[in-house]
Amino acid sequence: MNLKGKTALVTGSTSGIGLTVARSLAQRGANLIINGLGDAQEIETQRAAIEDDFRVRCSYSDADMTEPVQIRAMVEQAIESHGAVDILINNAGIQFVSPIDTFPEDRFNAIIAINLVSAFHTIKAALPGMKRKRWGRIINIASAHALVASPFKSAYVASKHGVAGLTKTVALEVATEGITVNAVCPGYVWTPLVERQIPDTMKSRNMTEQEVKEKVLLAAQPTRRFVTMDEVAGVCGYLVSESAASMTGAILSVDGGWTAQ
Ligand code: NAD
């Protein structure tokens, strides 16, 4: 579907899955608001590249997804400068791996805030505009961990199960208003988020890096390979299309068969 005239806000889109999803929406003509942390110069290079590569408008918000005031301001500014947020992709997320009895409280709270609570705030701020236009697409990037658990990931698994519940609830609330709300649940995708959890997993499980990849990460995935970022973006591309208008409240696995087991 051509997305010319639509505006998409993608949280956590300075890296990994979010950046790939944002670029794929821009490729189909959507104007963008990207968001996330990182080096200011690198982010500006990515933002300018989106405008140059796809001839769309792309702005950047540095809103911190742990700060409700900044989240609301990001959505309000997006609507003010772009006219609307038609497509909202809640993608920002972090991970921390530790047994629960030594899990640092600040890490637990940050994971719940960024992975779950930020989506409550973006949805709450973006919905009135979508309702006025009687069209909207909300996609929450959850995880296979929205459906099943793994040890040492209590905060992450709790946050992603929460995202699945939030998705279904909001889908029901707006079902007659032309707005769909779905969750996409990737298995392991090779991104900085996965790369960063290797050292802690090596420590928690007393394994080498190769053992973590083969016996922990890819052991869960029957395809025995990492899901690609393009495969996740492809599902998002379908969900924002008119063909997917009746797909709402769905929790969609893109996990190489992990949760079929
Ligand atoms: P990533 O680390 O490459 O990207 C995370 C993004 O979130 C970055 O842009 C980062 O700047 C942003 N972010 C982090 N904290 C933030 C904050 N406080 N405020 C604003 N932005 C913040 O990770 P990724 O693997 O691309 O993960 C993206 C999403 O996909 C996450 O929700 C993650 O849980 C989910 N996911 C990833 C995998 C995987 O295997 N990589 C699997 C399933 C689900």
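Presented here is a report on the structure given in the accompanying data block. Since this is a predicted model, take the numbers as computed values, not measurements.

**Some details on the packing of helix α1 (residues 16-27) against helix α8 (residues 229-239)**
Each packed pair of helices is defined by two parameters, the angle between the axes and the distance between the axes.
Now for step 1: Contact pair α1 / α8: the axes reach a minimum separation of 9 Å and the direction vectors enclose 50°. When the axes of α1 and α8 are compared, the pair comes out oblique. Crossing angle aside, the handedness with which α1 passes α8 is right-handed. Side by side, α1 and α8 meet where Gly 16, Ile 17, Thr 20, Val 21 and Ser 24 of the first sit next to Met 229, Asp 230, Val 232, Ala 233 and Cys 236 of the second.

**Things to note about the site of the ligand**
Now for step 1: For the ligand, the set of nearby residues contains 31 residues, the closest of which are Ser 15, Asn 91, Tyr 156, Val 189 and Thr 191.
Now for step 2: At 2.7 Å, a backbone N or O of Val 189 approaches an oxygen atom of the ligand.
Now for step 3: Against a free-state accessible area of 830 Å², the protein chains account for coverage of 95% of the ligand.
Now for step 4: For the shell around the ligand, the elements supplying multiple residues, two or more each, are α1, α5 (154-173) and α6 (192-205).
Now for step 5: Ranked by residue count, the leading element in the shell around the ligand is α6, at 4 residues.
Now for step 6: Split into classes, the residues belonging to the shell around the ligand amount to 16 nonpolar, 12 polar and 3 charged.

**Re the pattern of salt bridges**
Now for step 1: In total, this model carries 8 salt bridges according to the counting rule given.
Now for step 2: The closest approach of N and O atoms between Glu 211 and Lys 215, which form a salt bridge, is 3.6 Å. Residue Glu 211 and its partner Lys 215 are located together in helix α7 (residues 209-217), separated by 4 residues, close to a single helical turn.
Now for step 3: Look at the salt bridges and you will find they share partners, linking Glu 44, Arg 47 and Glu 51 into a network.

**Observations regarding the nonpolar core**
Now for step 1: Core analysis: the largest hydrophobic core is formed by 32 residues, its most contacted members being Leu 9, Leu 88, Leu 127 and Ile 138.
Now for step 2: Listed by contribution, the elements that provide at least two residues to this core are α3 (68-82), α4 (105-133), α5 and β6 (179-186).
Now for step 3: In terms of residue count, α4 provides more of this core than any other element does, 8 residues in total.
Now for step 4: With 31 residues, the next largest nonpolar core counts Val 21, Ile 89, Ile 139 and Ala 250 among its residues.

**Points about the packing of α4 against α5**
Now for step 1: Interaxial distance between α4 and α5 falls to 7 Å at its minimum, and their mutual angle equals 15°. One finds that α4 runs roughly parallel with respect to α5. Seen from above, α4 lies across α5 with right-handed handedness. Judged by residue contacts, Phe 108, Ile 111, Ile 112, Asn 115, Leu 116, Ala 119, Phe 120, Ile 123 and Leu 127 of α4 engage Ser 154, Ala 155, Tyr 156, Ala 158, Ser 159, Lys 160, Gly 162, Val 163, Leu 166 and Val 170 from α5.

Criteria and cut-off values
Residues numbered from 1 in each chain as written. Predicted model: local features only at pLDDT ≥ 70, side-chain atom pairs only at ≥ 80, totals over all residues. Heavy atoms only, no water. Axes fitted to C-alpha atoms, helices over the stretch in contact; angles between N-to-C directions. Helix = DSSP H or I, 4+ residues; strand = E, 2+ residues; numbered from the N terminus. Parallel < 35°, antiparallel > 145°, perpendicular 65-115°, else oblique. Left-handed = near helix turned anticlockwise from the far one by under 90°. Contact = heavy atoms within 4.5 Å. Near = heavy atom within 4 Å. Polar contact = N/O pair within 3.5 Å; in protein donor to acceptor, adjacent residues only side chain to side chain. Areas by Shrake-Rupley, 256 points an atom, 1.4 Å probe, with all protein chains shown as cover. Nonpolar A, V, L, I, M, F, W, Y, C, P; charged D, E, K, R; others polar. Salt bridge = Lys/Arg side-chain N within 4 Å of Asp/Glu carboxyl O. Core = buried A, V, L, I, M, F, W, Y, C linked by side-chain atoms within 4.5 Å. Buried < 20%, exposed > 50% of the residue type's maximum accessible area, 1.4 Å probe, protein only.

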